[in-house]
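Structural description and commentary
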Amino acid sequence: MKEEVQQLIDVQELDQRILEARSRKEELLTRKDKLMAQAEKLEKIVASIQEQIDEVAADVSSLNQDLAKEQDNVTKAENRLPEVKTQKEYLAILKEVDAAKKNFKDIEEALKLKQQVQNELEADRNDKQTELDELNSDNENQLKDIETLVAEMEEIETTQTPKRDKLIAQVPEPLRKRYELVLKRLNSVALVEAKNYTCTGCHMRLPPQFFNNMLKSKNISTCPQCNRLLYIEEE
């Protein structure tokens, strides 16, 4: 039984290395996803602001065309004034000039408002782009470190798993099945020492008769509380 205990202890040592590597890898990948999500969120914000800028820029371009058109209408109307022959025609052209000037002024005001909005959006876009650039620069180094550490964790799992498989194959099948069942359920230490009437896994007090029977039999038992495999260190 002492040999079987030592076999399981050796297996468990490798299992803990593998589990720790897997856990660390998951933490690193979660951190990677978080970093990338932050950058993606900012990228979407920048893209959204740029879409608004493009829309406003199109409006500005259209208003500039309308402004030029109204300015042309004013110029043409005023150029016709010296040619009129009647008071009625003169007044009609003046009315036309006034209407064109009013339209020009209205368009000019609308253009100023649009340009103000455009400037504000561009300033906001530039701020967010700067924030994104700084984040990407910082993330670049962090992501490189994460990739390096992930590779190290994968290397541990790759190298330790074959050793573990070879060792576990030497454990008697009934005991191996019990161990792997507990390991799968707890995803943690499955074999612990029973010492001073206590399970060192869950730290619960063991029934005196139960502990005394373990002392006599030297067999591997199961903790009534946490179901871990128990052994007593032989002196």
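Before reading on, note that the structure itself is shown above.
The following paragraphs examine the structure supplied in this document.

Before going further, it helps to spend a moment on the side chain of S221. Along the chain, the position of S221 falls in strand β3 (residues 221-222). Setting aside residues up to four positions removed in sequence, S221 forms contacts with R178, F210, M214, R228, L229 and L230.

What follows covers the packing of aromatic side chains. Taken as a whole and assessed by the stated rule, the structure comprises 1 aromatic pair. With a centroid separation of 4.4 Å and 40 degrees between ring planes, the pair formed by Y197 and F211 is classed as tilted. Of the two residues, Y197 is situated in the loop between β1 (191-195) and β2 (198-199) and F211 in helix α4 (residues 208-217); the sequence distance between them amounts to 14 residues. Here F211 falls in the buried class, since its relative accessible area comes to 6%.

Relative to the assigned elements, Q118 resides in helix α2 (residues 87-168). For Q118, a relative accessible area of 15% corresponds to the buried category.

A word on the environment of V189. By the element assignment, V189 lies in the loop between α3 (173-186) and β1. V189 gets classed as partly exposed once you look at its relative accessible area, which sits at 25%. Counting along the chain gives 10 residues from V189 to Y179, while the straight-line C-alpha distance between them is 9.8 Å. The residues touching V189, leaving out its near neighbours within four places in the chain, are Q12, Q16 and R228.

What counts and how
Residues numbered from 1 in each chain as written. Predicted model: local features only at pLDDT ≥ 70, side-chain atom pairs only at ≥ 80, totals over all residues. Heavy atoms only, no water. Helix = DSSP H or I, 4+ residues; strand = E, 2+ residues; numbered from the N terminus. Contact = heavy atoms within 4.5 Å. Phe/Tyr/Trp six-rings, centres within 6.5 Å; stacked < 30°, edge-to-face > 60°. Buried < 20%, exposed > 50% of the residue type's maximum accessible area, 1.4 Å probe, protein only.

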